[in-house]
Amino acid sequence: MSGVLWPWAAAAFRRAAGAAALLALASFILGPLLTLLVWAFAGTWLFPNLLPEFSLRWWAFVLGNADVGKAIRMSLLSAPTATLISAVICIPAAYAFARLEFPAKRALLLSFLSANAFPKIGLYVSIATLLYRLDLMDTFTGVVLIQLVNTLLFMIWIPTGTFRGINRNLEEAARDAGAGPLRTFFQITLPIALPGIMVAGLFAFIAAFDEAQGTLIVGTPNHMTMPVLMYNLVLSYPQPVGAVFSILLSLPSLVLLLFAQRYLRAGYLAAGYSL
Amino acid sequence: MARLDLVGLSKRFGLHAAVRDFTLEVRNGELMCLLGPSGCGKTTTLRMIGGFETPDAGDIRIDGRSVVALPPERRPTAMVFQRYNLWPHMTVEGNIAFGLRLRRLPRAQVDAKVRDVLTLVGLPDVGRKYPHQLSGGQQQRVAVARALVLEPQLLLLDEPFSNLDARLRVHMREEVKQLQREIGITTVFVTHDQEEALTIADRITVMRDGVAEQVDTPSRLYANPQTLFVADFIGTMNVLPARVHRRDGVVAAGPWRLPLPDPAWPDEAEVSVAVRPEDLVIDSAGAAAHVRRVMNLGHYLQVLADVPGVGVVRLFTDKETPPGEGREIGVRIARALLFKDGRPVEVGRTDSPPATMSSTPAPAAPRGAGLDGR
């Protein structure tokens, strides 16, 4: 009845409900980030005030801290190293998974997933005992090794899918034109797969960069990365310190994301896939 | 250029024998079509010639030299695939120059060759473009150019136009034929489209289940198919079940009686009668048929007629005397091929009486439009 008499009311209600849902979603996603921003630039924040007084003093404090500098250096060294090593290991493996037939192929592919199928902390502890035997505890190598556990998954799965998606005819045409298998891989297959590999590298970097549990076990006390230091800072300092550090922590991934987006959209890569 | 010999080639995939003891000679400068339904082994054969599949047995010789042990990059062959030919991350120039650069040709020479071959395929201005900026037809032309620029001894084409629309396909195959004649390159062309094969090939190999059914020129394949499969596969054919009546000296196909070509054929033997639509003639003295449908195919009419005891037959007739749909007509067989145990015997054609025929009561009829007239 009312729908017939008041069609405009029903439409307005739908619009309002839609707007409310959007607002709720936006605040759910952006709310925590906004709070983080506010806290990061907060000086004193007393009860009746809606916003704190603006201050950069926690930034000065965080950036002036020697541990923080060391952790940033450690993170910016270890995460790219882990990403690079995993690329060198995984891209040939991904190509093999995509193109070759060999025994136990499926089982092997699944084994890369298994590292992520169980609670990691148990895995890290057992790896730690191994590293202890090998005298790799509290070393850069140890930290990179533990970060590799997280990167392997992305660097195998995404490029395997990418290589599978490349039509064999493209490679066969290169062989036909006189290129050997290696040249074909480097000049034809790899460039065509590059967008997928970039995405995999991005995910792998973020996974390595964010890794805290394992690094905490393997790297303390002298090889702390940023996420590990985060535990210390949050536990021992006032709230704005954690907020400032969170922003620092998210900067590299943000920069990489923007870069990847630009790169992946550019030119032939976006358009050139299907004929 | 080159001559290609395939000798006893075999290839299995698991339990499936894709190609079985396949022997073929392709002459110098010839355009040979491998024609057959999907799964007949034609593409596998082509890929073995190109080096993309390794034969289980047999030999591949180009100008008498065995290439079977060579990888694709060392064979004097160039292949054009059905699709996904061009490398999307390179310009047209880059695509064509790839093989030339591998051969370490000087830059000026590479540029000149790329320009020449692009002109040859009618696309002089696309060098700087990327493949996705070209239409499907242009992409395939560039693929042909990329194959030709390396001056291979043997050009291999794997259904290169099957992804193009019908008009473009017809246009492209004429172009390729023209090009092939011009440069006189020995070519193996794989297709499942008999019309395509009939129009461009010098000779056709009809394949089925991994073996060659018949190797012949298009007109001979049409007029003298050696197996029932070829008869049915090439052109349009009415295949009618028939039975030998030895006492009466005839072969009975529905209402029709054809002279028994060989008195030694056993009574009641089952044979097949293959009749081209143009060899079924409307004649009031012929067998009764009921016209179901009349279709105008441009230069002639196609009539579908119900013949009791046989089913629907297809016949071509000129537009002078259009039979009305739903009417009763008489239909006579002017010429037919009898297939007994897979081997053909021609009956009804009086201008070249086969030795096995004793008498030919069927009246002489001028041969209808054959391949050349269609």
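This one's a predicted model, so the numbers in the text were calculated from it and none came from an experiment. The residue numbers shown here count from 1 along each chain, following its written sequence. Lettering for chains starts from A, numbering for ligands starts from 1, and both go in the order in which the items are written. Confidence filtering applies because this is a predicted model: local features only for residues at pLDDT of at least 70, side-chain atom pairs given and counted only at 80 or more, and all residues used for totals across whole chains, interfaces and linings.

1. Points about the overall build of chain B
Secondary structure follows DSSP: runs of H or I at least 4 residues long count as helices, runs of E at least 2 residues long count as strands, and numbering of each begins at the N terminus. Helix and strand counts for chain B stand at eight helices and 20 strands. Out of the 374 residues in chain B, the part that is buried amounts to 43%. A residue pair is marked as a contact if its C-beta atoms, positioned from the backbone, fall within 7 Å. The long-range fraction of contacts in chain B, counting pairs at least 24 apart against all pairs at least 6 apart in sequence, stands at 64%. Put plainly, a residue is buried at 20 or more neighbouring C-beta atoms within 10 Å of its own, exposed at 12 or fewer, and partly exposed in between, counting only other residues' C-beta atoms, which are placed from the backbone.

2. Looking at the overall build of chain A
From N to C terminus, chain A includes 13 helices and zero strands. Counting from the amino terminus, helix and strand elements in chain A follow one another as α-α-α-α-α-α-α-α-α-α-α-α-α. A globule of 275 residues ought to have a C-alpha radius of gyration of about 19 Å, yet chain A, at 25 Å, is considerably larger. When each of the 275 residues of chain A is scored for burial, the buried share is 32%. Here the analysis covers contacts within chain A between residues at least 6 apart in sequence; of these, 74% occur between residues at least 24 apart. All radius of gyration figures rest on C-alpha atoms, and the globule criterion is 2.2 Å times the number of residues raised to 0.38.

3. Focus on the environment of Ala147(B)
All names here are of chain B. With respect to the secondary-structure elements, Ala 147 resides in helix H4 (residues 136-148). According to the C-beta neighbour criterion, Ala 147 is buried, with 27 such atoms within 10 Å. Excluding residues within four positions of it along the chain, Ala 147 makes contact with Ala 78, Met 79, Val 80, Pro 152 and Leu 155.

4. Details of the sheet that holds strand S15 (residues 280-296) of chain B
All names here are of chain B. Pairing between strands is defined by DSSP: at least two bridges between them are needed. Taking strand neighbours across the sheet as the criterion, the four strands line up as S17-S16-S15-S18 in an open arrangement whose pairing is antiparallel. Single-partner strands in this sheet number two, and they are strand S17 (311-317) and strand S18 (328-333). Along the sheet, successive strands turn relative to each other by an average axial angle of 50°, direction set aside. In this structure, S15 lies alongside strand S16 (residues 301-307), joined through six bridges in antiparallel fashion. Here, axes are lines fitted to C-alpha atoms. For helices the fit covers the stretch in contact, and angles between N-to-C directions go from 0 to 180 degrees.

5. What to know about the interface of chain B and chain A
Many structure descriptions define interface size as the accessible area lost when the parts assemble. Each partner contributes to the interface: chain B provides 23 residues, whereas chain A provides 19 residues. For the side of chain B that touches chain A, the secondary-structure elements that each account for two or more residues are strand S6 (77-80) and helix H2 (92-102) of chain B. If you tally residues by element for the side of chain B that touches chain A, the top one is H2(B), at three residues. Here the residues of the side of chain B that touches chain A are counted per class, giving 14 nonpolar, six polar and three charged. Each residue gets one of three labels, nonpolar for Ala, Val, Leu, Ile, Met, Phe, Trp, Tyr, Cys and Pro, charged for Asp, Glu, Lys and Arg, and polar for the others, Gly among them.

6. Some thoughts on the pairing of strand S3 (residues 31-35) of chain B
All names here are of chain B. The buried fraction of S3 amounts to five of the five residues, a majority that puts the element mostly inside the structure. Burial of S3 is two-sided: the residues Leu 31, Cys 33 and Leu 35 facing one way and the residues Met 32 and Leu 34 facing the other way are all buried. Of the strand pairs in this sheet, S3 and strand S8 (residues 186-191) are connected by five bridges, and their pairing is parallel. Looking at S8, one finds that Met 32 is bridged to Val 188. Sheet topology note: the S3/strand S9 (residues 203-208) ladder contains four bridges and is parallel. What sits directly across from Met 32, in S9, is Arg 203.

7. Thoughts on the packing of H2(B) against H4(B)
All names here are of chain B. In the contact formed by H2 and H4, the axes pass within 8 Å of each other and the chain directions differ by 25°. In terms of orientation, H2 and H4 fall into the roughly parallel class. Here H2 runs over H4; the crossing is right-handed. When H2 is examined against H4, the residues Val 92, Asn 95 and Ile 96 are found in contact with a partner set consisting of Val 142, Ala 145 and Arg 146. For the contact of H2 with H4, the residue count by class is four nonpolar, one polar and one charged. Reported orientations rely on four angle classes, namely roughly parallel under 35 degrees, roughly antiparallel over 145, roughly perpendicular from 65 to 115, and oblique for the rest. Working rule for handedness: look at the near helix, and if it is turned counterclockwise from the far one by less than a right angle, call the crossing left-handed; if clockwise, right-handed.

8. Here's the deal with the confidence of the model for chain B
Residue and element names in this part refer to chain B. Per-residue confidence for chain B gives a mean pLDDT of 87, with 93% of residues at or over 70. Confidence scores labelled pLDDT are given residue by residue by the predictor and lie between 0 and 100. Residue range residues 350-374 is modelled with pLDDT below 50. Its contacts to residues more than four positions away, or to other chains, number 33 contacts. Overall fold confidence for the complex sits at a pTM of 0.79, while the interface term, ipTM, reaches 0.80.

9. Details of the sheet that holds strand S1 (residues 4-13) of chain B
Residues and elements named next belong to chain B. A sheet is described by the order of its strands in space; here four strands give the open sequence S2-S1-S4-S5, paired in antiparallel fashion. Looking along the sheet, the strands with just one partner apiece sit at the ends: strand S2 (16-26) and strand S5 (65-66). Both strand S4 (residues 57-62) and S5 contribute to a ladder of two bridges, which runs antiparallel. Along S5, the bridge assignment pairs Arg 61 with Ser 66.

10. Considering the environment of Leu150(B)
Inspection of the secondary structure assignment puts Leu150(B) in the loop between H4 and strand S7 (154-158). Note: C-alpha distance between Leu150(B) and Ala97(B) (53 residues apart in sequence) is 9.2 Å. The residues contacting Leu150(B), other than those within four sequence positions of it, are Ala177(A), Ala78(B) and Gly99(B).

11. Quick word on the pairing of S4(B)
Residue and element names in this part refer to chain B. Relative to S4, S1 runs antiparallel, the two sharing five bridges. In the sheet register, Ser 10 faces S4, and the bridge partner there is Ala 57. Linking S4 to S5, which pair antiparallel, is a turn of two residues; within it Asp 63 sits at a positive phi near 55°.

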